[in-house]
Amino acid sequence: MSLRRSFLSRRTTSRSNSVNESRTVSNSPDIDIAGGFEPDSGENDGGGYWANMLPELLGEIIKRVEASDDRWPLRRNVVVSGCVCKRWREVSREVVKPPLHAGKITFPSCLKQPGPRDSPIQCLIKRNKKNSVFYLYLAASPSFTNKGKFLLAARRYRNGAHTEYIISLDPDDSAQGSNAYVGKLRSDFLGTKFTIYDTQPPHNGAKPSSSRSGRRFTSKQISPQVPAGNFEIGEVSYKFNLLKSRGPRRMICSLKCTPSPPEPNKPEDGRVLTRSKSVASGQSQTLLRNKAPRWHEHLQCWCLNFHGRVTVASVKNFQLVATLDQSQPGEEGDGETVLLQFGKVGDDVFTMDYRQPLSAFHAFAVCLTSFGTKLACE
């Protein structure tokens, strides 16, 4: 079951104060397109006896569920706990830490939040050549055969002289006007420059793209609190390299990354406080370049150290390091720490490992640019 479907299992038409019916309601959350919770209207919490639980006891229950469920499908219990009622949702949002601090992906909103600093989040990308669809999975084990938990899907379209990748939360629904649509990737005529679009504005006051494709939205697609449109959040460019005269592919990425969210405030008595609304607004600009491979005289090929995460030689393989990172002190990237690596491990299987300041959505979009033939670059 996908991350979106486990979060949107089904909707109930009525709610009751009985325990049995409140359990049914736990499988029917209301969320916006970004994956966040949408508060219930009115004063009635809709949770029955569950909503009247003591705050201390409620916080302890959510903490224990969060601590015991480390991986999917067990982690689904954390999502279900947040779907019981409004109060449970609020506590769950405070207890469950973002990927930056926990290294775990729980809610759909985590897909657009920065990954951890120290160790990368490991994912797999499966390619279906017949229908030009790419599937992103959260790796459940070090084995490349276990695809793990579904996160995102992208379908490739030909739009005139351009190529577009529509990124969706639903593996079976890639329509740009659907509720599952989260962003897209668009190439230029030569396939050497790509623009990344997001459905969420990168900062306050951001204006959506004025392109014709950026206005194809239905009224049900976007939450009323979020402006409708495609917002440009990054570019990926491949340098011209005819006949490989300059070695393997060379790429440069410019991304607008969301500032890292602060950890929730917790007093000494262990209670969970309401999340602060004073989240720093602004945008972090990150410039990435691919790490230059070295020529191996014995193997007669270009080599990079992927630490066992890539097993098949391919022109698509790459590692990205930061040359400018405004989320770090001094705003300078060290040029050595790999923030995103992508490589082939099978005929249609690829690994994708990313870390802060990139999110799963950022990393997936950048990796999609590596697919396809680029005559001007190789």
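Computed from a predicted model, the values in this text were never measured in an experiment.

Chemist: So what exactly am I meant to see when it comes to the overall build of the chain here?
Modeler: Looking only at helices and strands, the chain has 7 helices and 14 strands in total. The proportion of buried residues among the 378 residues of the chain is 48%. Restricting to contacts in the chain with at least 6 residues of sequence separation, those with at least 24 account for 61%. Accessible surface, the chain: about 18900 Å² in total, of which carbon and sulfur atoms supply 50%.

Chemist: So what exactly am I meant to see when it comes to the nonpolar core here?
Modeler: Within soluble globular proteins, side chains that are nonpolar tend to cluster in buried spots. One finds Ile125, Leu340, Met352, Tyr354, Phe364 and Val366 to be the most contacted residues of the largest nonpolar core, which totals 53 residues. Examining the composition of this core, we find that 8 residues originate from one element, helix H7 (residues 360–368), more than from any other. Look past the residues within four positions of Phe364 in its chain and what remains in contact with it is Ile125, Phe134, Leu136, Leu152, Ala153, Ala154, Ile167 and Met352. Counting 9 residues, the second-largest nonpolar core is a separate cluster that includes Ala51, Met53, Val91 and Val95.

Chemist: Got a minute to help me understand the packing of helix H3 (residues 55–68) against helix H5 (residues 86–95) in this structure?
Modeler: Helix-helix packing is characterised by the crossing angle of the two axes and by the distance between the axes. Where H3 contacts H5, the two axes come as close as 10 Å, and the packing angle between them is 55°. When the axis of H3 is compared with that of H5, the two are oblique. Two packed elements cross with a definite hand, and for H3 against H5 that hand is right-handed. Residues Pro55, Leu58, Gly59, Ile61, Ile62, Lys63 and Glu66 of H3 lie in contact with H5, whose contacting residues are Arg87, Trp88, Val91, Ser92 and Val95. Residue classes in the contact of H3 with H5 are distributed as 7 nonpolar, 2 polar and 3 charged.

Chemist: Please explain the packing of aromatic side chains as it appears in this structure.
Modeler: Inspection of every chain in the model, using the stated rule, returns 8 aromatic pairs. Plain terms: the ring middles of Phe134 and Phe371 are 4.6 Å apart, the flat faces sit at 40° to each other, and that makes the pair tilted. Note that Phe134 is positioned in strand S2 (residues 133–138) and Phe371 in the segment after H7, a separation of 237 residues in sequence. Phe371 sits in the buried class, given a relative accessible area of 3%. Ring geometry for Phe350 versus Phe371: centroids 5.0 Å apart, planes at 90°, classification edge-to-face. Of this pair, Phe350 sits in strand S14 (residues 349–354) while Phe371 sits in the segment after H7, placing them 21 residues apart in sequence. Across the pair, Phe371 and Phe350 agree in class, each one buried. A connected cluster of aromatic rings, assembled from ring pairs, spans Phe134, Tyr165, Phe318, Phe342, Phe350 and Phe371. The aromatic ring of Tyr197 is capped on one face by Lys184, whose charged end is 5.3 Å from the ring centroid.

Chemist: Which parts of the structure should I look at to understand the side chain of Gln341?
Modeler: Within the secondary structure, Gln341 sits in strand S13 (residues 338–344). You can call Gln341 buried: its relative accessible area is 9%. Polar side-chain contacts of Gln341 include one of 2.9 Å to the side chain of Gln319. Apart from the residues lying within four places of it in its own chain, the contact partners of Gln341 are Phe306, Arg309, Phe318, Gln319, Thr351, Met352 and Asp353.

Chemist: Would you explain the pairing of strand S4 (residues 162–168) in this entry?
Modeler: One face of the sheet, then the other: side chains in a regular strand alternate in exactly this way. When you tally the buried positions in S4, you get 6 out of 7 residues, the bulk of the element. Across 7 bridges, strand S3 (residues 149–159) lies against S4 in antiparallel orientation. Its bridge partner being in S4, Arg158 is matched across the sheet by Thr163. Inspection of the sheet shows S4 paired to strand S5 (residues 181–187) by 5 bridges, in the antiparallel sense. Residue pairing for S5: Ile167 is matched across the bridge by Gly183.

Chemist: Can you walk me through the pairing of S14 in this structure?
Modeler: Buried residues dominate S14, accounting for 6 of its 6 residues. Of the two faces of S14, both are covered, the one formed by Val349, Thr351 and Asp353 as well as the one formed by Phe350, Met352 and Tyr354. With 5 bridges joining them, S13 and S14 adopt antiparallel strand pairing. Bridge pairing links Leu340 to Tyr354 in S14. Connecting S13 to the next strand, S14, in antiparallel fashion are 4 residues.

How each quantity is defined
Residues numbered from 1 in each chain as written. Predicted model: local features only at pLDDT ≥ 70, side-chain atom pairs only at ≥ 80, totals over all residues. Heavy atoms only, no water. Helix = DSSP H or I, 4+ residues; strand = E, 2+ residues; numbered from the N terminus. Buried < 20%, exposed > 50% of the residue type's maximum accessible area, 1.4 Å probe, protein only. Contact = heavy atoms within 4.5 Å. Areas by Shrake-Rupley, 256 points an atom, 1.4 Å probe, with all protein chains shown as cover. Core = buried A, V, L, I, M, F, W, Y, C linked by side-chain atoms within 4.5 Å. Axes fitted to C-alpha atoms, helices over the stretch in contact; angles between N-to-C directions. Parallel < 35°, antiparallel > 145°, perpendicular 65-115°, else oblique. Left-handed = near helix turned anticlockwise from the far one by under 90°. Nonpolar A, V, L, I, M, F, W, Y, C, P; charged D, E, K, R; others polar. Phe/Tyr/Trp six-rings, centres within 6.5 Å; stacked < 30°, edge-to-face > 60°. Lys NZ or Arg CZ within 6 Å of the ring centre and 35° of its normal. Polar contact = N/O pair within 3.5 Å; in protein donor to acceptor, adjacent residues only side chain to side chain. Pairing = 2+ DSSP bridges.

Any functional reading would require information that these geometric values do not contain.
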